[in-house]
Amino acid sequence: MDMLKSQEVIFPVLHGLYGEDGTIQGLFEMIKVPYVGCRVLASSIAMDKVYTKLVIEKAGIRQAKSEYIREFKGKYIYIDKNFNEKISTLDEICEIIEKSLNYPMFVKPSNSGSSVGVNKVNNRDELKKGVEFASKYDKKILVEEQVIGREVECAVLGNEEVLASCVGEVKSAEEFYSFDAKYNNQESKTVIPAEISKEKQDEIKALAKKAFKAINGNGLARADFFIEKETGNVILNEINTLPGFTRNKHVSNAI
Ligand SMILES: Nc1ncnc2c1ncn2[C@@H]1O[C@H](COP(=O)(O)OP(=O)(O)O)[C@@H](O)[C@H]1O
Ligand SMILES: [Mg+2]
């Protein structure tokens, strides 16, 4: 603790639980040491996919259609859009979900990261397994409809005055950007700048800044989007408050 207190400023280059979710940021606040990046609230919102959805929806930014489930002591609870809860069997919950979302779907732990616990599912059986698997990582589980399109990302920097970087495109070597595709498969690439029109870039940059402001961001973040193939719509996937500080360099045609 004394070592932390004696620092002029701390840059917490940490991922996930305790590092990126507002916990360590709370510690820095308590001991009054300046630090880089988002503060407690923005870090916790961005770390939690269910709560990111709520804020981003308020901001009027497009997102994949989704449903929310919670696990409690081996039981599953379906949570509707107004936070009404329905304890039910996993089969019944899947039936409700199938009425609002089409396969393929993505099942994700609400709090995780690096694609850990994320699975693409194509039918009831896979959906059930996906929910059970995701619940090992977090009691809150998000099920989303698949967005078919390109995956792009845009960094934002600043506090009151926010700047957006140019847009990069993720070219996953695997079916989706799984843990393996991110960290082990050297064929995955990030193309910077993305080969998209200036208008699309500008739209993405504006949305990245808006999303950052909406979660009450500070310092830096990276907003990840899909560009839907059929419509060209820009759809927010998530915001990472301490993004991509890994040894991997997938960047091609970087400037
Ligand atoms: N709704 C979706 N439609 C299409 N692909 C998705 C969807 N959700 C997630 N993915 C794929 O799964 C990857 C990991 O999901 P993501 O929500 O970004 O989790 P994490 O926070 O672990 O990075 C994404 O980079 C993307 O390739
Ligand atoms: Mg991601």
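Residues numbered from 1 in each chain as written. Chains lettered and ligands numbered in written order. Predicted model: local features only at pLDDT ≥ 70, side-chain atom pairs only at ≥ 80, totals over all residues. Heavy atoms only, no water.

Visitor: When you look at the layout of surface pockets in this model, what are you seeing that I'm missing?
Guide: Vacant regions in the atomic arrangement are exposed by a probe of water-molecule size rolled over the atoms. Volume-wise, the second largest pocket comes out at about 350 Å³. Forming the boundary of the second largest pocket are 16 residues, of which Lys53, Leu54, Glu57, Ser66 and Lys81 lie nearest the centre. Looking at the lining of the second largest pocket, the elements with two or more residues in it are α4 (49–58) and β1 (66–72). Examining the composition of the lining of the second largest pocket, we find that four residues originate from one element, α4, more than from any other. (1 Å grid on protein atoms, 1.4 Å probe; cavity = no way out; pocket = protein on both sides within 12 Å on 5 of 7 lines; lining within 4 Å. Points joined across faces, edges and corners; volume = space filled by probe spheres on them. Helix = DSSP H or I, 4+ residues; strand = E, 2+ residues; numbered from the N terminus.)

Visitor: Looking at this structure, I do not really get the sheet that holds strand β3 (residues 85–88). What am I missing?
Guide: The strands that make up a sheet are held in pairs by hydrogen bonds between backbone atoms, and each pair lies either parallel or antiparallel. If you trace the six strands from one edge of the open sheet to the other, you get β3-β2-β1-β6-β4-β5, paired in antiparallel fashion. Strands with a single pairing partner mark the edges of an open sheet, and in this sheet they are β3 and β5 (119–121). Taken over all neighbouring pairs, the strand axes of this sheet differ in orientation by 30° on average, direction set aside. Where strand β4 (residues 105–109) meets β5, three bridges bridge the pair, whose relative direction is antiparallel. Residue pairing across strands places Val107 opposite Asn119, the latter belonging to β5. (Pairing = 2+ DSSP bridges. Axes fitted to C-alpha atoms, helices over the stretch in contact; angles between N-to-C directions.)

Visitor: Quick question: what am I supposed to make of the domain arrangement of the protein here?
Guide: Often, the extent of an interface is quoted as the loss of accessible area on bringing the components together. Segmenting the protein into domains produces domain 1 (2–46), domain 2 (66–145) and domain 3 (148–252). Computed from C-alpha coordinates alone, the two centres of domain 1 and domain 3 are separated by 23 Å. Taken together, the contact pairs 17 residues of domain 1 with 15 residues of domain 3. Both faces considered, domain 1 and domain 3 share a buried interface measuring about 1,200 Å² in area, 67% of it formed by carbon and sulfur atoms. In this structure, the connection of domain 1 to domain 3 is made through zero salt bridges. In this assembly, domain 1 and domain 3 are joined by three residue pairs in polar contact (both at pLDDT 80 or more). A per-element tally of the side of domain 1 that touches domain 3 places helix α3 (residues 40–47) first, with five residues. Its residues placed into classes, the side of domain 1 that touches domain 3 shows 10 nonpolar, five polar and two charged. (Domains from an automatic or database assignment. Contact = heavy atoms within 4.5 Å. Buried area = accessible area lost by both parts, 1.4 Å probe. Salt bridge = Lys/Arg side-chain N within 4 Å of Asp/Glu carboxyl O. Polar contact = N/O pair within 3.5 Å; in protein donor to acceptor, adjacent residues only side chain to side chain. Nonpolar A, V, L, I, M, F, W, Y, C, P; charged D, E, K, R; others polar.)

Visitor: Even after reading the chapter, I still don't get the pairing of strand β2 (residues 75–79), so can you show me in this structure?
Guide: Across the five residues of β2, four count as buried, placing the element largely inside the fold. Bridge analysis of β1 against β2 gives five bridges, and the strand direction is antiparallel. By the bridge assignment for β2, Ile69 is matched with Tyr78. Counting the residues between successive antiparallel strands, the hairpin from β1 to β2 contains two residues, one of them, Lys73, with a positive phi of roughly 50°. Pairing between β2 and β3: four bridges, direction antiparallel. Residue Ile79 lies in a different strand from β3, and its bridge partner there is Glu85. Between the end of β2 and the start of β3, which pair antiparallel, lie five residues, with Phe83 showing a positive phi angle near 65°. (Buried < 20%, exposed > 50% of the residue type's maximum accessible area, 1.4 Å probe, protein only.)

Visitor: Explain the nonpolar core to me, please; I cannot follow it from the model alone.
Guide: In globular proteins that are soluble, nonpolar side chains generally tend to be buried together. Ile204, Phe225, Leu236 and Ile239 are the most contacted members of the largest nonpolar core, which has 27 residues in total. Sorting the residues of this core by element identifies α3, β7 (149–158), β8 (162–171), α8 (198–214), β10 (219–228) and β11 (234–240) as the ones contributing at least two each. The leading source of residues in this core is α8, at five residues. Two domains each provide a minimum of three residues to this core, namely domain 1 (2–46) and domain 3 (148–252). (Core = buried A, V, L, I, M, F, W, Y, C linked by side-chain atoms within 4.5 Å.)

Visitor: Is there a simple way to think about the site of ligand 1 in this case?
Guide: In the vicinity of ligand 1 there are 18 residues, among which Lys49, Lys108, Ser115, Glu151 and Lys182 approach most closely. Out of a free accessible area of 540 Å², ligand 1 has 96% covered by protein chains. Going through the elements one at a time, β4, β6 (140–145) and β11 are the ones with two or more residues in the shell around ligand 1. Residue classes in the shell around ligand 1 are distributed as six nonpolar, five polar and seven charged. Counting contributing residues, the shell around ligand 1 receives three or more from each of domain 2 (66–145) and domain 3 (148–252). (Near = heavy atom within 4 Å. Areas by Shrake-Rupley, 256 points an atom, 1.4 Å probe, with all protein chains shown as cover.)

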